[in-house]
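# Structural description and commentary
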Amino acid sequence: MTTFVLVPGAHTGGWIWEDVAARLREAGAEAHPVTLTGMGGGRDETDTGTRTGTDLETHVQDVVRLIDEIDEIDEIGGTGRSGEPEVVLVGHCYGVHPVLGAAARRPGRVARIVYVDTTVPQDGAPALELIPDQALRDAVRKRAEEPGAGAGGRLAPPEPAEWQKWGSLAGIPQDALDRLTGLAAPQPLATLTRPLSVPDGAVSELPTTGILCTAGGAGIALLESLVRMGDPRLLELVHPRVGFFELGTGHWPMLSAPGELAGILLRAAADEGHRLSAAPADEPPSHLRPFLLDVPERRRERVGRVDLHLPEAGEPRPAVVFVHGGPVPEDVRPTPRDWPLYTGYARYAASMGAVGVTLDHRLHDVTDYERAAEDVAAAVELVRADPRVDGERVALWFFSGGGPLSADWLAAPPPWLRCVAATYPVLVPLPNWGLAGSRFRPAAAVRAAGSLPVVLTRAGREFAEIAATVEEFLTAAGDCGAAVEVIDVPDGRHGFETADPTEQARDAVERAMRSVLGHLRDS
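The paragraphs below set out a description of the structure included in this document. Owing to the predicted nature of the structure, the values given are computational and were not obtained by experimental measurement.

## Brief notes about the overall build of the protein
Broken down by element type, the protein carries 17 helices and 16 strands. Whereas a compact globule of 523 residues would reach a radius of gyration of roughly 24 Å, the protein reaches 26 Å, a difference of no more than 12%. Dimensions along the principal axes, computed over C-alpha positions, put the protein at roughly 90 × 50 × 40 Å. Taking all 523 residues of the protein together, 55% fall into the buried category.

Below you can see the structure in the form of C-alpha cells.
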C-alpha cells in the first residue's frame, strides 16, 4: 500500500490537505497530512512557547518522525513492506524543504518525492528564495535581520489581498479562500532563512515528480523548451526517474482542484508522468540553428556589451536595437548577441540601410529585470551617441522574455523613439515571476504610448502562458487606441526564425522589418 506524507507550504497546516487526503484514502492509499511544529494555531495564536527556536531543522525532524512512526505501525500491525519503500513525500512550496531534508535522512524509506508547484531548491539555499514576489522576499529577509528575530521571530500570515504575493489564487472558491485566510498561522522566520542542507547524492537517485500549476507560470512545453536551450540548471530534469504533470489551476491545487490533484498523486506513485527530453547530442539547440533568411555579413564593431552591424552608407543612419529574451543563465555560451537569431536580424537591418544593434543584457533570472533595463538604456545611449547613427531615429525590438523591458519605453516614449517592435513577447510577467507590482508590465504601459507605432509579431503555436499575455496587451491597446500592427505566423512556434524556417515565417520577418524601417524613415 502506498503511503502519502503531505507536507504543506508556508502559513498552512495539515488541514489544507484534508480533501486530497480523503480522496487518496478512498482510492486505497494511506495519507498523512502534516502539521509542522508551530503551524497549527491559526493567525491569532499568541503562545510562542512551542515555537521558540523553531527552524527548518525542526520541520525536517517532524517529517522524519512521521516516517519512523509509519514504520512502527507497520511492524506492530504485521503488514510489512517486503523491503520496498512505499512512502511518497509530497511537498507544496515551502514544504519541499523539510521533505528534502527528511528524505536525505531516510532515503531507504522514500519511494518518491513530489514537488507541488515549486522548484527544486539548491543545497544551501534558504526557503525564502521560493517566495515569488521580490518585494515580499526582500521584506522577509530584512525582517529576519532585525535584532531578536532569529530565535523566535515569526512572519505574520498574509491578509486576504496579500496571498497573491505567494502564488496564483486561480480556481480557489471563495469559501476555501476565506478558510485559507482564517486558518493561516504565523511562519517562524528561521524556517525561511535557515539554508537547506542535503549531503551530495543523498536524494539525487530518488524518483521525483513535478506538478506544474499553469495558471501561475510555466507548463511542460515551456519548461522543455528551456531544457532544450541547454540551461545547465535544468539538465538534471532530463532523466527517466523524473516525471511531470500539469494542472490548469493556481498555486493551491489542494484547494482549487483536490480531486484532480489526488488523481495525479496516485499516477505519480505509479511512475507515470511526462518525461522531458533534451536536444539530440548531434543537433544544435533551436536557438543556435541558422537564421531563416540568407543575409550577408556586415562589418561588426563591438563596444562593451554592444555590437553594431553597420550598413555601407556613410551618412548617419537610423538604428534598430534588438533586445534578446531571457532569462539566460550567465554562463551560457555563446551569449545572445552572437546567437544566429539576433545576428540574423541585425545583418538584415544593416542590409536594408539601418544600423543593426545586438547586445548582452544581464537578465539571468526573473529578479534581474531592473539591471537588464539599465543595460538596455545604457546600450541605447551608446548607440545614439555614435556618429554613424542618426540618434533621432531609433527603434527598439524586443523578443520573448525580454518583452517586459519594453514597458519603460511604452510608458514614456522619447521623441527619437520612432517604433517599438516585439516578437513572440511576454507582455505581462507570469504570475510566479513575482513582478505583479513592478513597472515591467507592457500591457499596462501601452496606455501611455500615445501614437508610438508598435509592430507585434505573434506565433500561432505560442506557449499558452505567453499567448495569454499577448492577448491581454492587445485588449489594453484596443481600449486606448494604441497604434499596434499585428503580424501573425499562424503555424509558427516560439522562436520560429530558427525552429520553423518556413515561407510563412520568412514572410512575417520580412513584413516586420519593412514596417519597422518604414517608421524609421518617416519624418
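Structure's up, so let's keep going.
## Details of the pattern of salt bridges
For side chains of opposite charge, pairing can occur when their charged atoms come near one another. Under the counting rule described, the total for this entry stands at 36 salt bridges. Measuring nitrogen to oxygen at the nearest pair gives 2.6 Å for the salt bridge that ties Asp62 to Arg65. Here Asp62 pairs with Arg65, and both are found in helix H2 (residues 56–77), just three residues apart, close to one helical turn. With a relative accessible area of 12%, Asp62 lands in the buried category. One salt bridge connects Arg371 with Asp368, and the closest N-O pair in it is separated by 3.6 Å.

## Observations concerning the packing of helix H11 (residues 340–351) against helix H17 (residues 503–521)
Here H11 crosses H17 at 50°, and the two axes come no closer than 11 Å. Taken as axis vectors, H11 and H17 run oblique relative to one another. As for how H11 packs across H17, the hand of that crossing is right-handed. Between H11 and H17, the contacting residues are Tyr345, Tyr348 and Ala349 on the first element and Val509, Glu510 and Met513 on the second. By residue class, the composition of the contact of H11 with H17 is five nonpolar, no polar and one charged.

## Some points on the sheet that holds strand E3 (residues 87–92)
Strand pairing in a sheet relies on backbone hydrogen bonds, with the paired strands running either antiparallel or parallel. Within the open sheet, the six strands sit side by side as E2-E1-E3-E4-E7-E8. Their pairing is parallel. Both outer strands of the open sheet, strand E2 (30–33) and strand E8 (242–247), are each paired with one neighbouring strand and no more. Here the average twist between neighbouring strands, direction ignored, is 20°. In terms of strand pairing, strand E1 (residues 3–7) meets E2 through four bridges, oriented parallel. From the neighbouring strand, Val5 faces E2, where its bridge partner is His32. On top of the sheet, helix H1 (residues 18–26) reaches E1 and E2; it is set at about 165° to E2, its chief contact.

## Re the packing of H1 against helix H10 (residues 258–269)
Between H1 and H10, the least distance of the axes is 9 Å, while the angle of their chain directions is 50°. Taken as axis vectors, H1 and H10 run oblique relative to one another. In the crossing of H1 with H10, the sense of the turn from one axis to the other is right-handed. Between H1 and H10, the residues in contact are Asp19, Val20, Arg23 and Leu24 and Pro258, Gly259, Leu261, Ala262, Leu265 and Leu266, respectively. Within the contact of H1 with H10, the residues separate by chemical class into seven nonpolar, one polar and two charged.

## Structural notes on the state of the cysteines
Summed over the entire model, instances satisfying the criterion amount to zero disulfides. No disulfide involves Cys213; its sulfur sits 11 Å from the nearest other cysteine sulfur, which is in Cys93. Residue Cys213 is classed as buried on the basis of its relative accessible area, which comes to 1%. Here Cys480 is not cross-linked by a disulfide; its sulfur's nearest cysteine counterpart is in Cys419, at 16 Å.

## Things to note about the packing of aromatic side chains
Tallied over the full model, the rule gives 15 aromatic pairs. Taken together, the ring pairs in this structure connect Phe291, Phe322, Trp339, Tyr342, Tyr345, Trp397, Phe399, Tyr424 and Phe496 into an aromatic cluster.

## A short note on H10
Between its terminal C-alpha atoms H10 stretches 17 Å, which fits the 16 Å expected from 12 residues at 1.5 Å a residue. Two residues or fewer after H10 comes Asp271, characterised by a positive phi angle close to 70°.

## What about the sheet that holds strand E9 (residues 299–303)?
On the basis of which strands lie adjacent, the open sheet formed by eight strands has the order E9-E10-E12-E11-E13-E14-E15-E16 and mixed pairing. The open sheet has two edge strands with one neighbour each: E9 and strand E16 (484–489). Taking each pair of neighbouring strands and ignoring which way they run, the sheet shows an average axis angle of 20°. The pairing of strand E14 (residues 417–423) with strand E15 (residues 454–459) spans four bridges and is parallel.

Procedures and definitions
- Residues numbered from 1 in each chain as written.
- Predicted model: local features only at pLDDT ≥ 70, side-chain atom pairs only at ≥ 80, totals over all residues.
- Heavy atoms only, no water.
- Helix = DSSP H or I, 4+ residues; strand = E, 2+ residues; numbered from the N terminus.
- Rg over C-alpha atoms; globule rule 2.2 N^0.38 Å.
- Buried < 20%, exposed > 50% of the residue type's maximum accessible area, 1.4 Å probe, protein only.
- Salt bridge = Lys/Arg side-chain N within 4 Å of Asp/Glu carboxyl O.
- Axes fitted to C-alpha atoms, helices over the stretch in contact; angles between N-to-C directions.
- Parallel < 35°, antiparallel > 145°, perpendicular 65-115°, else oblique.
- Left-handed = near helix turned anticlockwise from the far one by under 90°.
- Contact = heavy atoms within 4.5 Å.
- Nonpolar A, V, L, I, M, F, W, Y, C, P; charged D, E, K, R; others polar.
- Pairing = 2+ DSSP bridges.
- Disulfide = S-S within 2.5 Å.
- Phe/Tyr/Trp six-rings, centres within 6.5 Å; stacked < 30°, edge-to-face > 60°.
- Expected span 1.5 Å × (residues − 1).

These results come straight from atomic positions and should not be treated as a statement about function.
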